[in-house]
Every structure is written in C-alpha cells, then in structure tokens.
Amino acid sequence: MLRLAGWWWIAVSAIHALGGIILYFDQWQAIAQAGWFNVIAPNPFAPIFDREDAFWFMFITPFFFLMGELSLWLASKKLVFPISVGAILLGTVLVGLFLMPVSGIWLGLPPSIMLLWSSKSRQSN
C-alpha cells in the first residue's frame, strides 16, 4: 500500500506542476518579465496576490514529490512512516477539503489514508 501511495504522490506532483504552469502562465510570465528577484511580494503591505498564488501553488509541488519518493524508499526498505505523519497529512487534507471543497485537495485523500493505514497495520503486527 505504501508503494501505491508513493506513486500516487508522485502523480499528484506531476499534475500539480503541469497545472501550475498552465493555470498561472500569465503570472509566471509577469514574474519573469519583472526580473524574478523579489517580484512576488516586493512590498508586503501591498501584496500582488496573483503572483503569490502562483508561487505557493508551485512551491508545494516538490513536497508532494518528496512524499512520493520517501514512500517508495520506505516501501523498498520494508519500513513505514510513523503514524503521526499519516495522521497529520490526513488531518491537513481534511481541513483543506472543509475550507475549499472544490479543489484538487481531494487528490491528497487516498494517499494520506494509505500512509496512515500502512503505518497502523505495521504497528499492530
């Protein structure tokens, strides 16, 4: 189950990266044209929200990939995450779903449950 969760997280990271480029293409173009350095929020008291959205959307993507890679590595070593990791991920996804149900956060639900399930089953053995 951990291996499946790993591949799921990697797929989510790929979808997220592609979606971030497509959905925020105009913002990334504006960021590039402004010179990249300190152009997301040059004045924190006058934020450029569309650039911040693009940044945070893409900034989280490597962490999804990292979760996938860690899951695959743990599965290859016949190890699991601590239960707290699965519980925190699941809790975070559930809060996200509550606050923003019409979103891609649903894609995080299956792998979070899989991580928690694999940790709980290993603990009971």
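One can find the structure itself at the top, above this paragraph.
Definitions and cut-offs
- Residues numbered from 1 in each chain as written.
- Predicted model: local features only at pLDDT ≥ 70, side-chain atom pairs only at ≥ 80, totals over all residues.
- Heavy atoms only, no water.
- Axes fitted to C-alpha atoms, helices over the stretch in contact; angles between N-to-C directions.
- Helix = DSSP H or I, 4+ residues; strand = E, 2+ residues; numbered from the N terminus.
- Parallel < 35°, antiparallel > 145°, perpendicular 65-115°, else oblique.
- Contact = heavy atoms within 4.5 Å.
- Nonpolar A, V, L, I, M, F, W, Y, C, P; charged D, E, K, R; others polar.
- Patch = residues over 30% accessible without salt bridge, like charges linked within 9 Å, V, L, I, M, F, W, Y side chains within 5 Å.
- Areas by Shrake-Rupley, 256 points an atom, 1.4 Å probe, with all protein chains shown as cover.
- Salt bridge = Lys/Arg side-chain N within 4 Å of Asp/Glu carboxyl O.
- Buried < 20%, exposed > 50% of the residue type's maximum accessible area, 1.4 Å probe, protein only.

A.B. asks: Requested: an account of the packing of helix α1 (residues 2–23) against helix α2 (residues 25–33), with residues and values cited.
C.D. replies: Following both chains from N to C, one finds α1 and α2 inclined at 75°, their axes separated by 4 Å at the closest point. When the axes of α1 and α2 are compared, the pair comes out roughly perpendicular. Of the residues in α2, those touching α1 at G20, I21, I22 and L23 are F25, Q27 and W28. Taken together, the residues of the contact of α1 with α2 break down into 5 nonpolar, 2 polar and no charged.

A.B. asks: Please give an account of a nonpolar patch on the surface that cites residues and values.
C.D. replies: Taken together, the side chains of W56, F59, I60, F63, L66 and L70 define a hydrophobic patch exposed on the protein surface, amounting to about 570 Å² of accessible area. L70 gets classed as partly exposed once you look at its relative accessible area, which sits at 34%.

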